[in-house]
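Inside the fold
Take a look at the letters that make up each chain.
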Amino acid sequence: MNQLRAELLKIRSTRTTIGLLLGMILLALIVIILTCTLSPIDQIFTEQDQVGLLSFGSIAGVFSALAGIMLVTSEYRFGTMRPTFLFNPNRSRLFASKALAGLLAGLVFGVIAEGLTFAIGLAILEGRHIHIALSGSNITELIVGSVVGTALWGIMGVGLGAIIRNQVGAVIALLAFGFVVENLVFGLLPSVGRFLPVHAGDSMLGFTGQHYLSGTIGSVVLVAWAVVLAGAGLAAIKGRDVQ
Amino acid sequence: MTFVVQSEALTKKYDGVLAVDDLSFTIESGTITGFLGPNGAGKTTTLRMLLGLANPTSGHATIFGVPYAELPTPALRVGAVLEATDFHPGRTGRDHLRTLSRAAGLPDSRVDEVLALVELTGAAKRRVKGYSLGMRQRLGLAAALLGNPDLLVLDEPANGLDPEGVRWLRDFLRDFASGGRTVLVSSHVLAEVAQTVDQVLIINHGRLVTESSLEDLTTHTTVSVRVRSPKITELAEALRREGLDSITTNDHALLVHNATSERVGDIAFAAGLAIHELMSETSSLEEVFLDLTSGESS
């Protein structure tokens, strides 16, 4: 518990995470305002169109993962891992605190991003007199899926950071995998690609495209990814010497 | 009795290279120990193993009788500074300490106390990137002092400090140890710690060269004899038969420890070896240290 408080203070006491949060808010605002305002009505009319439109809040996952990566890699980059380990040599507990801090940061990111997307997106659609085709369960799925997915990305970021340790390397690995590798695999081999984390996360939002997993299976798959990455990160933290 | 620090056959191998080789020593409470050796001798690796940051290849180390990682709240027993630069540049000095004090369950008031102790109160709310090296050193020390520990471990604390900083550190360590607490301080320059320490551990190539009080080091090895001879190898051999160790200096003379010029002259005469120079030298502590460490490497 003490270590968790320490980790949360680490997140708040530099500008990095605040910067990520502001960047995310800015990106979400721009994209949601532009797409809701400029899309022709016949492209944002159906339920699936509107799910797609309002799912943009899930972009928070990228920022949450970056925050998780920073939580570990900046400690290696600036050497604070030494005092951190000296004050808490129980590495399992230390890693658990970091993973939990990543999860909590992700929850905040997810709530803000999806909250903004919903509030602004729905307001613009109403203003354009477009009928809201979403059902209550659509909305629940979007909000819960996006927030939970973003929180899980926070844990995955912590795991990835612990495995790679080099800050630039970990960030590149995340972006290259999330934006390039996954899309390639999903495009070429959708039966495999749908089990990858970004697409598993998308299925949690209520996408019903032909290759997507069901929401429930998608959630289980994304949780499994978080568990695997966290487990590998824990093993890396425990096994390696600190220079 | 329980030693404050106990190292038993501590060994660390990196990629087949022995960084620390079968190192055993103990440190008693209330002492200031200088942990000395040239750069690359294995000092930092040893300290990392003592503090649970690195796992020994074999052997083991205990602090207050248990491995470091098994101390319930280690910050309350041990304060350590391994690098003077271990800060996030964008975090304030005070927040750096707060992240650590929280991990140890200490209140923020303790953070302000240690900031005052190292004279950083005025800079506490500035980001660390604006700190001078001396200020960073003191911030590191403040972190080590958060838990009011009984043992302080400092790795090369005088590196990069100006003379005023070195004096400040010396006074500080004396003050700390005067209350019966223990200090382990490493350095590659004996002179930096000679005025502070009670005893020295000297290592070279990962092995213990000398473990003695500073007094013994001074009285037993400061008198040596410098001798030149055309048959230097034979002379060294003759001296060794008489129980005198010597080392070869860069200008092809022999430096004989713990000897008088009479004794060395007599041995050379008895062995029928010509002598071109014979001179008694009182070496400084630093020379003793250099002899001890360079002697091992040749």
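Owing to the predicted nature of the structure, the values given are computational and were not obtained by experimental measurement.

Another aspect to go through is the overall build of chain A. A count of helical and extended segments in chain A gives 11 helices and 0 strands. The N-to-C order of helical and strand elements in chain A reads α-α-α-α-α-α-α-α-α-α-α. Expected size for 243 residues packed as a compact globule is a radius of gyration near 18 Å; at 19 Å, chain A falls within 12% of this value. Reported as C-alpha extents along the three principal axes, the dimensions of chain A are approximately 60 × 40 × 30 Å. The burial tally for chain A puts 52% of its 243 residues in the buried class. Of all intrachain contacts in chain A linking residues separated by at least 6 positions in sequence, the fraction that spans at least 24 positions is 78%. Surface accessibility of chain A: about 10300 Å² in total, with carbon and sulfur atoms responsible for 72%. For chain A, the centre of its 14 positive side-chain charges and the centre of its 11 negative side-chain charges are spaced 21 Å apart.

Turning our attention to the sheet that holds strand β2 (residues 17-27) of chain B. Residues and elements named next belong to chain B. Strand order in the open sheet made by the 3 strands is β2-β1-β4, with antiparallel pairing throughout. Each edge of the open sheet is held by one strand with a lone partner, namely β2 and β4 (58-63). Averaged over neighbouring strand pairs, the angle between their axes works out to 20° when direction is ignored. Here strand β1 (residues 5-14) pairs with β2 via 7 bridges, running antiparallel.

Turning our eyes to something else, we now look at the sheet that holds strand β6 (residues 151-155) of chain B. Two strands in a sheet stick together by hydrogen bonds in their backbones, pointing the same way (parallel) or opposite ways (antiparallel). Residue and element names in this part refer to chain B. Across the sheet, 6 strands lie side by side as β5-β6-β7-β3-β8-β9; this open sheet has mixed pairing. Bordering the open sheet on either side are β5 (78-81) and β9 (207-213), each of which pairs with just one other strand. Taken pair by pair, the neighbouring strands of this sheet meet at an average axis angle of 15°, ignoring direction. Relative to strand β7 (residues 182-187), helix α1 (residues 43-50) is tilted by about 150°, and along the sheet it contacts β3 (32-36), β6, β7 and β8 (199-204). Docked against the sheet, helix α4 (residues 133-145) engages β5 and β6, running at close to 160° with respect to β5.

So, on to the interface of chain B and chain A. Contact residues are listed per partner, giving 34 residues for chain B and 26 residues for chain A. In total, chain B and chain A occlude about 2700 Å² of area from one another, counting both sides; carbon and sulfur atoms represent 58% of this. Elements represented by at least two residues in the side of chain B that touches chain A include exactly β1 and α2 (93-103) of chain B. Per-element tally for the side of chain B that touches chain A: the top contributor is α2 of chain B, with 7 residues. Of the residues assigned to the side of chain B that touches chain A, the class counts are 17 nonpolar, 8 polar and 9 charged.

This next bit is on the environment of S203 of chain A. Residues and elements named next belong to chain A. Relative to the helices and strands, S203 is located in helix α10 (residues 197-203). On the basis of relative accessible area, S203 is assigned to the buried category, the value being 1%. Not counting residues up to four positions away in its chain, the partners in contact with S203 are E141, Y212, L213, S214, G215 and G218.

This paragraph deals with a nonpolar patch on the surface. A surface patch of nonpolar side chains, about 730 Å² in accessible area, is lined by L175, F179, V180, V181, L184, L188, L189 and V192 of chain A. Residue placement: L189 of chain A occurs in the loop between α8 (167-188) and α9 (190-193).

What follows is about empty space enclosed by the protein. Gaps left between atoms show up when a probe the size of a water molecule is rolled over them. Following the criterion strictly, the structure yields 5 cavities of 30 Å³ or more and no others. A volume near 100 Å³ is recorded for the largest cavity. P83 of chain A together with A80, V81, E83 and D86 of chain B are, among the 13 residues lining the largest cavity, the residues nearest its centre. Elements supplying a minimum of two residues to the lining of the largest cavity: α5 (81-87) of chain A together with β5 and α4 of chain B. Per-class residue counts for the lining of the largest cavity are 8 nonpolar, 2 polar and 3 charged. Approximately 90 Å³ is the volume attributed to the second largest cavity. Counting residues per element, the ones that place at least two in the lining of the second largest cavity are α5 (163-178), β7 and α6 (190-194) of chain B. Among the elements that make up the lining of the second largest cavity, the one with the highest residue count is α5 of chain B (4 residues). Classifying every residue of the lining of the second largest cavity gives 7 nonpolar, 3 polar and 2 charged.

What follows concerns the pairing of β1 of chain B. Residue and element names in this part refer to chain B. The pairing of β1 with β4 spans 5 bridges and is classified as antiparallel. Bridging across to β4, V5 finds its partner in I63. Here β1 folds back onto β2, and the loop between the two strands holds 2 residues, one of which, D15, carries a positive phi near 50°.

Of all hydrophobic cores here, the largest spans 69 residues; its most connected members are F109 of chain A together with L50, L51, I63, V78 and V153 of chain B. Broken down by element, the residue count for this core peaks at 9 residues, all from helix α4 (residues 60-77) of chain A. Look past the residues within four positions of L50 of chain B in its chain and what remains in contact with it is V5, S7, L10, F25, A61, I63, Y68 and L184 of chain B. Among the nonpolar cores identified, the runner-up in size contains 50 residues, and L106, V114, F176 and V200 of chain B belong to it.

Definitions and cut-offs
- Residues numbered from 1 in each chain as written.
- Chains lettered and ligands numbered in written order.
- Predicted model: local features only at pLDDT ≥ 70, side-chain atom pairs only at ≥ 80, totals over all residues.
- Heavy atoms only, no water.
- Helix = DSSP H or I, 4+ residues; strand = E, 2+ residues; numbered from the N terminus.
- Rg over C-alpha atoms; globule rule 2.2 N^0.38 Å.
- Buried < 20%, exposed > 50% of the residue type's maximum accessible area, 1.4 Å probe, protein only.
- Contact = heavy atoms within 4.5 Å.
- Areas by Shrake-Rupley, 256 points an atom, 1.4 Å probe, with all protein chains shown as cover.
- Lys, Arg positive; Asp, Glu negative; His and termini not counted.
- Charge placed at Lys NZ, Arg CZ, Asp CG, Glu CD.
- Pairing = 2+ DSSP bridges.
- Axes fitted to C-alpha atoms, helices over the stretch in contact; angles between N-to-C directions.
- Buried area = accessible area lost by both parts, 1.4 Å probe.
- Nonpolar A, V, L, I, M, F, W, Y, C, P; charged D, E, K, R; others polar.
- Patch = residues over 30% accessible without salt bridge, like charges linked within 9 Å, V, L, I, M, F, W, Y side chains within 5 Å.
- Salt bridge = Lys/Arg side-chain N within 4 Å of Asp/Glu carboxyl O.
- 1 Å grid on protein atoms, 1.4 Å probe; cavity = no way out; pocket = protein on both sides within 12 Å on 5 of 7 lines; lining within 4 Å.
- Points joined across faces, edges and corners; volume = space filled by probe spheres on them.
- Core = buried A, V, L, I, M, F, W, Y, C linked by side-chain atoms within 4.5 Å.

These figures capture arrangement, not role.
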